[in-house]
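Residues per chain, in single letters:
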Amino acid sequence: MRTTDPEVSDVILDIDPQTMTRRPVSKQAAIAAFLASGNHSAARVVQRIPERDGALDPDYVDRLLVRVHTEMQWLAEEFQHGRRLRELIGPMLRVLRERRPPPYRVVDVGCGTGFAIRWLAARGDFGPDVELIGADFNPELIAEARRLASAENLPCRFVLADAFRLPEPGHIFVTTGVVHHFRGDALRSFFAQHEQPESQAFFHFDFQPGPLAPIGSRFWHWLRMRTALARHDGVLSAVRAYTASELTSAARAGTSNFLIGMYGQKIWSTPLPRVFHTLVGFRPELREPFLHALGVRAGRMGELR
Ligand SMILES: C[S@@+](CC[C@H](N)C(=O)[O-])C[C@H]1O[C@@H](n2cnc3c(N)ncnc32)[C@H](O)[C@@H]1O
């Protein structure tokens, strides 16, 4: 697997982000592309998907992607991802409350089946002045996120939309496992979209690369994932994960009104890397109050510039 290989989930579903319409995906073309790049395991995953009218069966693809995101939730639960989100969003909300009137909108960009937002709605304890919103281009994932949120009567909402073009824009943007999907110039463009008058901060969580990351990822995906697609894409995600300097360089190139740094790269004060690291960005005037609000955890914040 190479960083240039696409993930199967990025290939089997094609939604035009402008019109939100779905385009058919040719099974034979997808298999041929994976074989041409030498990724035989990805070709095998696509081979198992049934065909309808010359294209991958859209209903099967929808069910498969919901299943894969459910398995991703198992991993997020295993790694207590909700607590990590709350660790950064909570202090930032306290800072924003002192500076601007409510409401405060937290937007999960590419929310999938909404684990992050549902967890925060259930256990974030942020208060009624905070709106928790998940946005995704995939209608089936949004439908599943809504179903799960309504089953627990959670105070959050999920929208089928571009997270950066909401009628009521976000103040804090977050992602989980999303940034490595943007390659090359697309990564810089992704960060450039945070330059909106209302946005105050962003926290992007993704795998931290390293010599042991693909082995660790293979182990955890074998242990916790069941579908071939989830296992394939999970391991490839670790291969495609960006280093801290790649992320901070792209974020600094794409934005000019945010301080940027990495958070939580090491386990406590040991040299051991965490599975996830977090790209942090916020308006420069929030620096001192945010570091103060982090308390002892301010030591986990790397250089900000
Ligand atoms: C890897 S999946 C998301 C995984 C999810 N965060 C999780 O932890 O389960 C990436 C998703 O990002 C969505 N996406 C990418 N850019 C987006 C944007 N600007 N607005 C909304 N959704 C976006 C895609 O539709 C895709 O479903």
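Please read these numbers as outputs of a predicted model, since none were measured by experiment.

Each value, and the rule that gives it
- Residues numbered from 1 in each chain as written.
- Predicted model: local features only at pLDDT ≥ 70, side-chain atom pairs only at ≥ 80, totals over all residues.
- Heavy atoms only, no water.
- Salt bridge = Lys/Arg side-chain N within 4 Å of Asp/Glu carboxyl O.
- Helix = DSSP H or I, 4+ residues; strand = E, 2+ residues; numbered from the N terminus.
- Buried < 20%, exposed > 50% of the residue type's maximum accessible area, 1.4 Å probe, protein only.
- Pairing = 2+ DSSP bridges.
- Axes fitted to C-alpha atoms, helices over the stretch in contact; angles between N-to-C directions.
- Contact = heavy atoms within 4.5 Å.
- Near = heavy atom within 4 Å.
- Polar contact = N/O pair within 3.5 Å; in protein donor to acceptor, adjacent residues only side chain to side chain.
- Nonpolar A, V, L, I, M, F, W, Y, C, P; charged D, E, K, R; others polar.
- Core = buried A, V, L, I, M, F, W, Y, C linked by side-chain atoms within 4.5 Å.
- Expected span 1.5 Å × (residues − 1).
- Phe/Tyr/Trp six-rings, centres within 6.5 Å; stacked < 30°, edge-to-face > 60°.
- Lys NZ or Arg CZ within 6 Å of the ring centre and 35° of its normal.
- UniProt positions renumbered as here; feature names shortened; annotations may be inferred.

**Quick notes on the pattern of salt bridges**
And step 1. Under the definition given, this model contains 19 salt bridges.
And step 2. Across the salt bridge formed by E87 and R300, the nearest N and O atoms sit 2.7 Å from each other. A residue pair is termed long-range when its members are at least 10 positions apart, and E87 in helix α5 (residues 81-97) and R300 in the segment after α12 (287-294) qualify at 213 residues. No difference in accessibility class separates E87 from R300, as the two residues are buried.
And step 3. Here the salt bridges share partners, and the residues they tie into one network are E7, D10 and R240.

**Side note on the sheet that holds strand β6 (residues 130-136)**
And step 1. Strand order in the open sheet formed by 7 strands is β7-β6-β5-β8-β9-β11-β10, and the pairing between neighbours is mixed. Among the strands making up the open sheet, the edge pair consists of β7 (157-160) and β10 (259-263). Recorded for the sheet is a direction-independent mean angle of 20° between the axes of neighbouring strands.
And step 2. In this structure, β6 lies alongside β7, joined through 4 bridges in parallel fashion. Looking at β7, one finds that G134 is bridged to F158.
And step 3. Relative to the sheet, α5 contacts β5 (104-109), β6, β8 (172-176), β9 (201-207), β10 and β11 (276-282), its axis offset from that of β9 by approximately 170°.

**A few points about the pairing of β8**
And step 1. The buried fraction of β8 amounts to 4 of the 5 residues, a majority that puts the element mostly inside the structure.
And step 2. Examined bridge by bridge, β8 and β9 share 5 bridges and lie parallel to one another. Bridge pairing in β9 places V174 opposite F203.

**Considerations on the site of the ligand**
And step 1. For the ligand, the set of nearby residues contains 18 residues, the closest of which are G110, D136, D162, A163 and T176.
And step 2. At 2.8 Å from an oxygen atom of the ligand is found a side-chain nitrogen or oxygen belonging to D136.
And step 3. One nitrogen or oxygen atom from the side chain of D162 is found 3.0 Å from a nitrogen atom belonging to the ligand.
And step 4. Among the elements of the structure, α4 (58-78) and β6 are those that each provide at least two residues to the shell around the ligand.
And step 5. Across the shell around the ligand, the residue classes tally to 11 nonpolar, 5 polar and 2 charged.

**Side note on unusual backbone geometry**
Glycine aside, a negative phi is what most residues show, and trans is what most peptide bonds show.
And step 1. With an omega dihedral of 5°, the bond running from P102 to P103 counts as a cis peptide bond.
And step 2. Its place among the elements puts P103 in the loop between α5 and β5.
And step 3. For W268, which is not glycine, the phi dihedral falls at a positive 50°.
And step 4. Taking the relative accessible area as the measure of exposure, W268 reaches 63% and is therefore exposed.

**What to know about the nonpolar core**
And step 1. The biggest cluster of nonpolar side chains holds 44 residues, and the ones touching the most others in it are I89, M92, L132, I172, F203 and F282.
And step 2. Each residue touching I89, except ones within four places of it in the same chain, is listed here: V106, L120, F126, I172, V174 and F203.
And step 3. Counting residues in hydrophobic clusters, the runner-up holds 24 residues, among them V159, F191, L247 and L279.

**Here we look at helix α9 (residues 213-224)**
And step 1. Its 12 residues give α9 an end-to-end C-alpha distance of 16 Å, which sits within 8% of 16 Å, the value for a rise of 1.5 Å per residue.
And step 2. The inward-facing, buried residues of α9 contact α4, β9 and α10 (228-240).

**Description of the packing of aromatic side chains**
Aromatic ring pairs are reported here in terms of the distance separating the ring centres and the angle at which the planes meet.
And step 1. Following the criterion strictly, the structure yields 12 aromatic pairs and no others.
And step 2. A ring pair is formed by F79 and W220, whose centres lie 5.0 Å apart and whose planes are at 70°; its orientation type is edge-to-face. Pair noted here: F79 is in the loop between α4 and α5 and W220 is in helix α9, with a separation of 141 residues, a long-range link.
And step 3. Among the residues examined, W220 registers a relative accessible area of 26% and is labelled partly exposed.
And step 4. Site record: aromatic cluster; members linked through ring pairs are F164, F173, F182, F190, F191, F202 and F258.
And step 5. Here R283 stacks its cationic end above the ring of F258, 4.3 Å away from the centre of that ring.
And step 6. Its guanidinium or amino end placed over the ring of W268, R300 lies 4.2 Å from that ring's centre, counting from NZ or CZ.

**A word on the environment of D53**
And step 1. Tracing the chain through its elements places D53 in the loop between β3 (51-52) and β4 (55-56).
And step 2. According to the relative accessible area criterion, D53 is exposed, its value standing at 78%.
And step 3. Here the alpha-carbon distance between D53 and S26, two residues 27 residues apart in the chain, equals 9.4 Å.

**Points about the UniProt feature "domain: Methyltransferase" (unreviewed entry) in the protein chain**
And step 1. The UniProt record marks residues 106-193 with the feature "domain: Methyltransferase" (unreviewed entry), using the residue numbering of this structure.
And step 2. For residues 106-193, the end-to-end C-alpha separation is 15 Å, with 34% helix and 23% strand making up the annotated structure.

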